[in-house]
Amino acid sequence: MGQFSMGQPVPRTEDPRLLRGGGRYVDDIKLPNECHAFMLRSPHAHARIVSIDIEGAQAMPGVIAIYTGADWVADGHGQHSFPIPRTRRDGSPQFIPVRHAIEPDVVKVTGDIVAMVVAEMVDQGKDAAEHIDVEYELLPVLTEGVAARADSAPQLHEGCPDNEAYYHEAGDEEAVEAAIATAHHVTHFHTKINRITANTMEPRGCIGDYDARFDRFTFYGQTQLPHMVRNTLAADIFAVPETAMNVVSPDVGGSFGMKQGHAPENHACLWAARKLARPVRWMSERSEGHLTDYHDRDQVTEAVLALGEDGEFLALKVENICSIGAWLDPFGTISPVSHLGGLAATYKTPLIYAQSSAVFTNTSPNGPFRGSGRPEAAYIIERLIDNAAREMNIDRAAIRRRNMVLPEDMPFKTGLVYTLDCGEFDANMENTLARAAYDGFEARRVVAREEGKLRGIGIANFIEQTAQMFGETVAIQFDQTGSVTVLAGSADQGQGHDTMYKVLVSDALGVDTDDIRVSNGNTDDLPFGGGSYASRTAILGGSATRRAADKILDKGTKIAAHLLEAAEADIEFAESAFSVVGTDKQVSMREVAKAAYRPDLLPDGMERGLFATDTFEPGVPTFPNGCHVVEVEIDPDTGVTDVLKYTVTDDVGTVINELTLEGQVHGGIGQGIGQAFSEQIVYDADGQMLTGSFLDYGMPRADDMCSFDLANNPVPTKRNPLGVKGAGEAGNVGALAAIMNAVVDALSPLGIETLDMPATPEKVWQAIQTAQG
């Protein structure tokens, strides 16, 4: 393709292979002598297993083995650890229920595995499962987080009488309460943020393999964190050395946080593979995924914003009850707590107090989903601001201007958790408002009203933190021909890492991208890797790449000086070549790489080869930020909402690839539109899922969108060598608040002050009828 520098719009280098059918996903991997697992799942949300009879099923054609929870328990395996621990109200560690790969005693959610049938063909496993007789004793069911906190609520886990897994609070509650009590104006906001699921293009799946010759497992699965999963599988689940476990994550068809790797099916297939001495494959079906994939969001919030006479923000109080599902996922501690600092957004609110109660319910466990707490925080503060502006008769843009953190305030300690290092939040908003023609909106509203439509406009400013934990490792290796292999600890699920790493190496070392190969997703390649999630790879993987390239340039300079018979201080590198300053003497990077493998061309005592590894772990976060402005129009006769214009300005720091950046923002906005208008996981009172297929779960479609007007206002951070801040979740974080502010603004002339997501046509129509009733 050529040489590229950062910031250019470079087409994705992986796309030609994928578009021609050259992808290699888990289901494309075929191992010799493999067999198939089918999971028999509980039809009940909460029940005790009285008995289970597998005798008839064992005699069915093709059945190799049937395993129950008793078999798993008898082998004494462990469960996953928790990389981000929390505490309870009394300071004790979070409550962690024991989740077995196969449940031996009490099922806690519809879809819990009660038996695993291993057969020659998956259909034979399904047939056999129908002949397994399970007797259940039904137990009380909880599907709502608020109900789970009630004194009269049934207890879901022994040892957790209040159903609260953990509790977190931040800020000075007493000071916030005092400010609220004396404020000129107080705005209240109650909302329930809808439970959603990832619905990735590729369903979950895995292959467990065990090689008795080497006493070694290989797990093929769609994990975002291969090295962390390897460590947990080895140390926590199977009690073997890490050298006895390899994790391979090939091409992955989307994840968004859901495919972390610690699912009970994964543990069960590895376990069965060792018992049977055969590879064991499991692939989820779509309805099975709806039922058992990790969900996210699902929180009820009470929020209060105190304001002065001129609309200045004085204090903010937020109380959340977060339904985290029946079991505690390894990363189920993120969404309710990790991004509460986002409540401060881009404003100077001096006092903020927030608390989150994470409670068990008989629903699928929650894990991260794109944003994982960031969109919720932005949604709460931005909805509050719009309500306050409306109540105080202040323009919604003006009230934001009065409270905005300005560049000259940096570094700025917000009212909760974050210390911001840089940003031009005011410029982001003004740029976005101008492109959205905000000042002319009221005239457009009048025209729409004359045509029988309701038009609204919404604003949302957001801030998010990312990339402060776990680090990332990258190795750059020149071979004897001068070509390059990049080994990355990150794992691509569609973000375009192949392109990103090639652009970074091409930019730093002047190598043609056709001469660069990127390899990731195999724990045998590198001793450590952080993985891919939370908008972190460009920051951590990108910075590790730059630092590894710098190490290569240091050695390359020594080699070039030797070849050119010059002093190291007189060597400079530019445009793919080392040259002697002030002369035309030069040697290309490729020639230096080749010479690195020729001892006769190297300085005395220099080690052969040209390669370097770097692990970058800054310990402090970066803060991507931006502004979304959305204009919508509602047909009051049908309740249908059309998104007419969507305008965004993002500050993701230094832009590595403008083209893939736009793709990330597009995808995030699309998921925001989905949650705002149609997506919602719904359970009935018995814990049965009512949205178990695409007939009932409303996925966004192309005609739900409009063309997005995107712009960048990069303010590079000094917290990493590239100045990047992260981009993977930005579109999603700002979308929910901006869209719903626009919807409520359209409905506000009717006296409608709030509406919870999803704003389906039926819900909007009902709200209009009630208001006019």
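Procedures and definitions
Residues numbered from 1 in each chain as written. Predicted model: local features only at pLDDT ≥ 70, side-chain atom pairs only at ≥ 80, totals over all residues. Heavy atoms only, no water. Patch = residues over 30% accessible without salt bridge, like charges linked within 9 Å, V, L, I, M, F, W, Y side chains within 5 Å. Areas by Shrake-Rupley, 256 points an atom, 1.4 Å probe, with all protein chains shown as cover. Salt bridge = Lys/Arg side-chain N within 4 Å of Asp/Glu carboxyl O. Lys, Arg positive; Asp, Glu negative; His and termini not counted. Charge placed at Lys NZ, Arg CZ, Asp CG, Glu CD. Helix = DSSP H or I, 4+ residues; strand = E, 2+ residues; numbered from the N terminus. Buried < 20%, exposed > 50% of the residue type's maximum accessible area, 1.4 Å probe, protein only. Core = buried A, V, L, I, M, F, W, Y, C linked by side-chain atoms within 4.5 Å. Contact = heavy atoms within 4.5 Å. 1 Å grid on protein atoms, 1.4 Å probe; cavity = no way out; pocket = protein on both sides within 12 Å on 5 of 7 lines; lining within 4 Å. Points joined across faces, edges and corners; volume = space filled by probe spheres on them. Nonpolar A, V, L, I, M, F, W, Y, C, P; charged D, E, K, R; others polar. Pairing = 2+ DSSP bridges. Phe/Tyr/Trp six-rings, centres within 6.5 Å; stacked < 30°, edge-to-face > 60°. Lys NZ or Arg CZ within 6 Å of the ring centre and 35° of its normal.

**So, a negative patch on the surface**
Next up, step 1: Taken together, the side chains of Asp53, Glu55, Asp133 and Glu135 make up a negatively charged region of the molecular surface.
Next up, step 2: Among the secondary structure elements, aspartate 53 is positioned in strand S2 (residues 47-53).
Next up, step 3: Judged by relative accessible area, aspartate 53 falls into the partly exposed class, the value being 39%.

**Some remarks on the nonpolar core**
Next up, step 1: With 85 residues, the main nonpolar core has Leu343, Tyr646, Ile739, Val743, Leu747 and Leu755 as its most contacted residues.
Next up, step 2: Aside from chain neighbours lying at most four places away, what touches tyrosine 646 is His628, Val629, Val630, Ile669, Cys706, Ser707, Phe708, Asp709, Gly734, Ala735 and Ile739.
Next up, step 3: The next biggest cluster of nonpolar side chains, apart from the first, holds 47 residues, and it includes Val486, Ala508, Val511 and Ile516.

**Focus on the layout of surface pockets**
Next up, step 1: Approximately 310 Å³ is the volume attributed to the second largest pocket.
Next up, step 2: Across the lining of the second largest pocket, the residue classes tally to eight nonpolar, four polar and five charged.

**So, the pairing of S2**
Regular strands place side chains that alternate from one sheet face to the opposite one.
Next up, step 1: Here S2 runs beside strand S4 (residues 106-107); their pairing, made up of two bridges, is antiparallel. By the bridge assignment for S4, alanine 47 is matched with valine 107.
Next up, step 2: With six bridges connecting them, S2 and strand S6 (residues 133-138) associate as antiparallel partners. Bridge pairing in S6 links arginine 48 to glutamate 137.

**Considerations on the packing of aromatic side chains**
Next up, step 1: Counting across every chain of the model gives 12 aromatic pairs.
Next up, step 2: Judged by centre distance (5.6 Å) and plane angle (80°), the rings of phenylalanine 313 and tyrosine 347 are edge-to-face. Placement of phenylalanine 313 in strand S16 (residues 313-323) and of tyrosine 347 in the loop between S16 and strand S17 (351-359) is noted, with a sequence separation of 34 residues between them. Each of the two residues, phenylalanine 313 as well as tyrosine 347, counts as buried.
Next up, step 3: Between phenylalanine 573 and phenylalanine 578 the ring centres are 4.7 Å apart and the planes differ by 50°, which places this aromatic pair in the tilted class.
Next up, step 4: With a relative accessible area of 0%, phenylalanine 578 lands in the buried category.
Next up, step 5: Ring pairs connect the aromatic residues Tyr67, Trp72 and Trp271, which therefore count as one cluster.
Next up, step 6: Above the plane of the ring of tyrosine 167 lies arginine 89, whose end atom (NZ or CZ) is 3.9 Å from the centre.

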